[in-house]
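# Structural overview
Each chain, letter by letter, is given below.
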There are 2 protein chains.
Amino acid sequence: MLKHDLRVIKTQESLRHALLELLKSKPLEAISVAELCRLAQINRGTFYSHYKDVHEVFKRYLEVIVEDFRRAYEEPYIKTRFKIENISASMIEIFHHVKKYQDFYQIVFDQRIPMMYYYLLFDTVRTFMKESLAKSYIDATDRVQVDYLLSYQTNAILGLLMEWNRQGYMTPAEELNKQLITILSFNSPFRGGDR
Amino acid sequence: MLKHDLRVIKTQESLRHALLELLKSKPLEAISVAELCRLAQINRGTFYSHYKDVHEVFKRYLEVIVEDFRRAYEEPYIKTRFKIENISASMIEIFHHVKKYQDFYQIVFDQRIPMMYYYLLFDTVRTFMKESLAKSYIDATDRVQVDYLLSYQTNAILGLLMEWNRQGYMTPAEELNKQLITILSFNSPFRGGDR
DNA sequence: AATTTTAATGTACACATGTTCATTATATTT
DNA sequence: AAATATAATGAACATGTGTACATTAAAATT
């Protein structure tokens, strides 16, 4: 299956288009390979020579979206150093990105959907966190294992996105960003009682 | 299907037993309803009158495990106030619990498994976080929306568990707890560069 | 334009899914 | 112990899954 073969491109585009069409009327989990192929007018055998299952079609699309996110994130990060004062600049990009592709992230965070999409997002955000950390926190390396710190911080951000999703994206992105700044400016939310 | 009917109990126990048996040799995603019923010697039609799919059998079991976690968590929390000095007491219980049921949490965190299990764990931890927060951080209510703070903190902890899982639970629970204490004692991991 | 390469199709197969319903077996209730 | 209630079974059916392979169609190459 040569990537540039016109037949291959046509097949994959038909399937992607059909998937987006079906997603308008039913959840991803309810879409079968058979139904997708019927709508796309693609032989089911052909489908299996391109994808393992319906999820893989969606995943390919999500990868494009996440790539868009990567660009959105990198931009402000490059021009500002990663301090709490301007973390706003990098994170607001995340929030705007998720809002932009709200329909997709609703699927990613769905109860019935496999964790793979979550991990895709997680790994992307974590890579950025790592780059940020490397520049400003080299001295922390021996105090905490960097891996744990990174996963802690990354997943914390994803926790905000999950909550945003659960609330139907009602909170404005700017407000969400403000929440994050406030949380980060706490010494530690757990240090209560003795301050 | 009356819960106390001996036939019902026997059916459900057979299925649970068969599931645990099959899990020894293959991943959850590879277990079909048909195979499970064959091993449990239960009619497939009977299966569907109890469960929607294989995941529901596992989920019922996980709920028992999470209930065990609830007890483990509540114990130290009740006797100590929730300060950073003794957060260790509550969190170490989480780590010990996850370690104890390592085989199950490996499944929960698996790429192929639906998010539902993650949310089950998330909601449980979040409930405890909420109780902790209510006592020591009432004044924070208007600074950040409590929902976002809770989801941030809860998911951060789950981030540690995910990392632990990814590293095959090699880190000792005590070490993990020490990592957490260290992370929490940072003013903010993002405030670097200007301290 | 003719040739070669290879993607797509059609068909078949064994097995899984989810549902229905009459029949049988086994609890619970009287 | 007999009567009643209901859970479990078995069979059937339409549909979906994943794979295999010979055939056809449409690309790329010469």
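The structure presented is a predicted model; accordingly, all values stated were derived computationally and were not measured.

Rules used throughout
Per chain, residue numbering runs from 1 following the sequence as it is written. Note on labels: chains are lettered from A, ligands numbered from 1, in written order. Per-residue local features are limited, in this predicted model, to residues with pLDDT of at least 70; the limit for side-chain atom pairs, both in listing and counting, is 80 or more; totals at the level of whole chains, interfaces and linings are taken over all residues. In computing side-chain properties, one takes all heavy atoms of the structure into account and sets aside hydrogens as well as water. Criterion for a salt bridge: a side-chain nitrogen of Lys or Arg within 4 Å of a carboxyl oxygen of Asp or Glu. Strands are runs of DSSP state E lasting at least two residues, helices are runs of H or I lasting at least four, and both sets are numbered from the N terminus onward. Burial status follows relative accessibility: with a 1.4 Å probe on protein chains alone, a residue under 20% of its type maximum counts as buried, one over 50% as exposed, and anything between as partly exposed. When we say a residue is near a molecule or strand, we mean one of its heavy atoms is within 4 Å of it. We define a polar contact as two N or O atoms separated by no more than 3.5 Å, with the added condition that, inside protein, one atom must be a possible hydrogen donor and the other a possible acceptor, whereas residues neighbouring each other in sequence contribute only through side-chain atom pairs. The span you would expect from a helix comes to 1.5 Å times its residue count less one. Classification used: nonpolar for Ala, Val, Leu, Ile, Met, Phe, Trp, Tyr, Cys and Pro, charged for Asp, Glu, Lys and Arg, polar for all others including Gly. Residues count as neighbours in contact if any of their non-hydrogen atoms are within 4.5 Å of one another.

The subject of this paragraph is the pattern of salt bridges. Per the stated rule, a full pass over the model turns up 26 salt bridges over all chains. Residues Arg71(A) and Asp68(A) are paired through a salt bridge, measuring 3.5 Å at the closest nitrogen-oxygen approach. In this pair, Arg71(A) and Asp68(A) both sit in helix H4 (residues 54–79), 3 residues apart, roughly one turn of the helix. What makes Asp68(A) buried here is its relative accessible area of 18%. Across the salt bridge formed by Arg166(B) and Glu163(B), the nearest N and O atoms sit 3.3 Å from each other.

This part takes up the protein's contact with DNA strand C. Close to DNA strand C lie 21 residues; Arg7(A), Thr11(A), His50(A), Arg7(B) and Arg44(B) are nearest. A breakdown of the atoms of DNA strand C within 4 Å of the protein gives sugar and phosphate a share of 67%. Here Asn43(A) contributes a backbone N or O atom positioned 2.9 Å from a phosphate oxygen of DNA strand C. Residue Arg38(B) places a side-chain N or O atom 3.4 Å away from a phosphate oxygen belonging to DNA strand C. At the level of secondary structure, the elements contributing two or more residues to the surface near DNA strand C comprise helix H1 (6–23) and helix H3 (44–50) of chain A together with helix H1 (6–23), helix H2 (33–40) and helix H3 (44–48) of chain B.

Taking 1.5 Å of rise per residue, the 13 residues of helix H9 (residues 173–185) of chain A would be expected to cover 18 Å, and the 19 Å separating its terminal C-alpha atoms lies within 8% of that figure. When H9(A) is considered as a whole, its buried residues turn out to be Ala173(A), Leu176(A), Asn177(A), Gln179(A), Leu180(A), Thr182(A), Ile183(A) and Leu184(A).

Near DNA strand D lie 21 residues; those nearest to it are Arg44(A), Met1(B), Thr11(B), Asn43(B) and His50(B). Taking all atoms of DNA strand D within 4 Å of the protein, the share assigned to sugar and phosphate is 69%. Within the side chain of Tyr48(A), a nitrogen or oxygen atom sits 3.0 Å from a phosphate oxygen of DNA strand D. Separating a phosphate oxygen of DNA strand D from a backbone N or O atom of Arg7(B) is a distance of 2.9 Å. When residues of the surface near DNA strand D are traced back to their parent elements, those giving at least two are H1, helix H2 (33–40) and H3 of chain A together with H1 of chain B. When its residues are assigned to classes, the surface near DNA strand D shows 8 nonpolar, 7 polar and 6 charged.

Okay, helix H8 (residues 146–166) of chain A next. For an α-helix, 3.6 residues make a turn, and residues three or four places apart therefore share a direction. Residues and elements named next belong to chain A. For H8, built from 21 residues, the straight-helix expectation of 30 Å at 1.5 Å per residue is met to within 8% by its first-to-last C-alpha distance of 30 Å. Of all 21 residues in H8, 18 are buried; the element is thus mostly enclosed. Looking one or two residues beyond H8, the residue adopting positive phi is Gly168, at roughly 70°.

All names here are of chain A. Counting through the fold element by element, Leu23 comes out in helix H1. Separated by 84 residues in the primary sequence, Leu23 and Ile107 place their C-alpha atoms 9.8 Å from one another. Apart from the residues lying within four places of it in its own chain, the contact partners of Leu23 are Leu28, Ile31, Phe58 and Ile107.

Coordinates in, geometry out; function isn't part of it.
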